[in-house]
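# A structural walkthrough
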Amino acid sequence: MASQRITIAKVGGVAADVLGGRLRRWAAAREAVGADEWSSEQWPSSIRVEVDDFAGQLRVRGCFLPVVHFVEWSDLWSMGDLFFRWLTPPGGSPLLIAYGDRFEVYGYALPDGSRLQRALTVGPQQFPEYDQFVVRLREAAEVWEGLLEQAIIVVLREIVGGLVTDEELLGSMSVVPDWISGHGLSNGNPEQGQHPEQGRG
């Protein structure tokens, strides 16, 4: 369980085909120790650099074509199996996975005969975070479906810390971080790798 930033994007057209090729190359570069053991060390450092660079570029360019759908949010609790579970519908496209040092990247090619959409048409899950992921993934699968001949859904996962407990959340309600109060704004940028809680006075 972890605090993480989750990004879902959908890329359409010939760019989706090129991106699918890159993801397949990255996925094939994994040197697996065990089928159920995943870590960034299983990819060569050169691939990890490519993966992180791509993820960063996607986040910057998420509002520009051929990206046709982009959404990003924080999830303070979910486990990594969330992505495997919902991106592997029966008979669907192969899930393409690559890890960088900062990001995990998951790719799912469309069309797939609506298999992903059918698998995501489910009732409430055990946890609200899971419902949130399912709903947003289904939205990505459905958007512009009738107009795009080919597309790829990309999910980025960036772990930013440990899971947040109810006690930690409630405790944070009595704290004003420096970035809100305006003090210490030059102490670091979380986007450049410093944790948002660092640099408090």
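The notes below deal with the structure included here. Since we're looking at a predicted model, the values are computed, not measured. (Residues numbered from 1 in each chain as written. Predicted model: local features only at pLDDT ≥ 70, side-chain atom pairs only at ≥ 80, totals over all residues. Heavy atoms only, no water.)

Our next topic: the packing of helix α1 (residues 14-28) against helix α2 (residues 45-60). One way to put it is that α1 packs onto α2 with a least axis distance of 11 Å and a crossing angle of 145°. The two elements α1 and α2 cross, and the hand of that crossing is left-handed. Along the contact surface, α1 presents Leu19, Arg22, Arg25 and Trp26, while α2 presents Ile47, Glu50, Val51 and Phe54. Taken together, the residues of the contact of α1 with α2 sort by class into five nonpolar, no polar and three charged. (Axes fitted to C-alpha atoms, helices over the stretch in contact; angles between N-to-C directions. Helix = DSSP H or I, 4+ residues; strand = E, 2+ residues; numbered from the N terminus. Left-handed = near helix turned anticlockwise from the far one by under 90°. Contact = heavy atoms within 4.5 Å. Nonpolar A, V, L, I, M, F, W, Y, C, P; charged D, E, K, R; others polar.)

A word on the layout of surface pockets. Within this model, the second largest pocket holds a volume of roughly 230 Å³. For the lining of the second largest pocket, the secondary-structure elements that each account for two or more residues are α1 and α2. For the lining of the second largest pocket, the leading source of residues is α1, giving four residues. In terms of residue class, the lining of the second largest pocket is built from 10 nonpolar, one polar and two charged. (1 Å grid on protein atoms, 1.4 Å probe; cavity = no way out; pocket = protein on both sides within 12 Å on 5 of 7 lines; lining within 4 Å. Points joined across faces, edges and corners; volume = space filled by probe spheres on them.)

What follows deals with a nonpolar patch on the surface. The grouping of Leu76, Leu169, Leu170 and Met173 at the surface amounts to a nonpolar patch, some 410 Å² of accessible area in total. As for its placement among the helices and strands, Leu169 is situated in helix α6 (residues 166-172). Using a relative accessible area of 40% as the deciding quantity, one classes Leu169 as partly exposed. (Patch = residues over 30% accessible without salt bridge, like charges linked within 9 Å, V, L, I, M, F, W, Y side chains within 5 Å. Areas by Shrake-Rupley, 256 points an atom, 1.4 Å probe, with all protein chains shown as cover. Salt bridge = Lys/Arg side-chain N within 4 Å of Asp/Glu carboxyl O. Buried < 20%, exposed > 50% of the residue type's maximum accessible area, 1.4 Å probe, protein only.)

The pairing of strands in a sheet happens through backbone hydrogen bonds and is either parallel or antiparallel. Strand order in this open sheet of five strands is β2-β1-β5-β4-β3, and the pairing throughout is antiparallel. Only two strands of the sheet have a single partner each, and these edge strands are β2 (67-75) and β3 (96-99). Between one strand axis and the next, the sheet turns by 15° as a mean value, whatever way the strands run. Strand direction decides the pairing type here: strand β4 (residues 104-110) and strand β5 (residues 151-162), joined by seven bridges, are antiparallel. Paired with Ala109 across the strands is Ile152, a residue of β5. (Pairing = 2+ DSSP bridges.)

This structure, assessed with the given rule, holds seven salt bridges. Residue Arg102 is joined to Glu158 by a salt bridge in which the shortest nitrogen-to-oxygen separation is 2.6 Å. Taken together, the residues Arg102 in the loop between β3 and β4 and Glu158 in strand β5 connect sequence positions 56 residues apart. Relative accessible area serves as the criterion here: at 7%, Glu158 is assigned to the buried category. What you see here is one network of salt bridges that share partners, running through Arg5, Arg102 and Glu158.

This part covers unusual backbone geometry. Omega for the peptide link from Leu65 to Pro66 comes to 10°, which places this bond in the cis form. Look at the link from Leu110 to Pro111: it is a cis peptide, with omega at 10°. On the secondary structure map, Pro111 appears in the loop between β4 and α4 (115-119). Phi is positive for Ser114, which is not a glycine, with a value near 65°. With respect to the helices and strands, the residue Ser114 is situated in the loop between β4 and α4. Notably, Trp144 is not glycine yet its phi reads approximately 55°, a positive angle. With respect to the secondary-structure elements, Trp144 resides in the loop between α5 (128-142) and β5.

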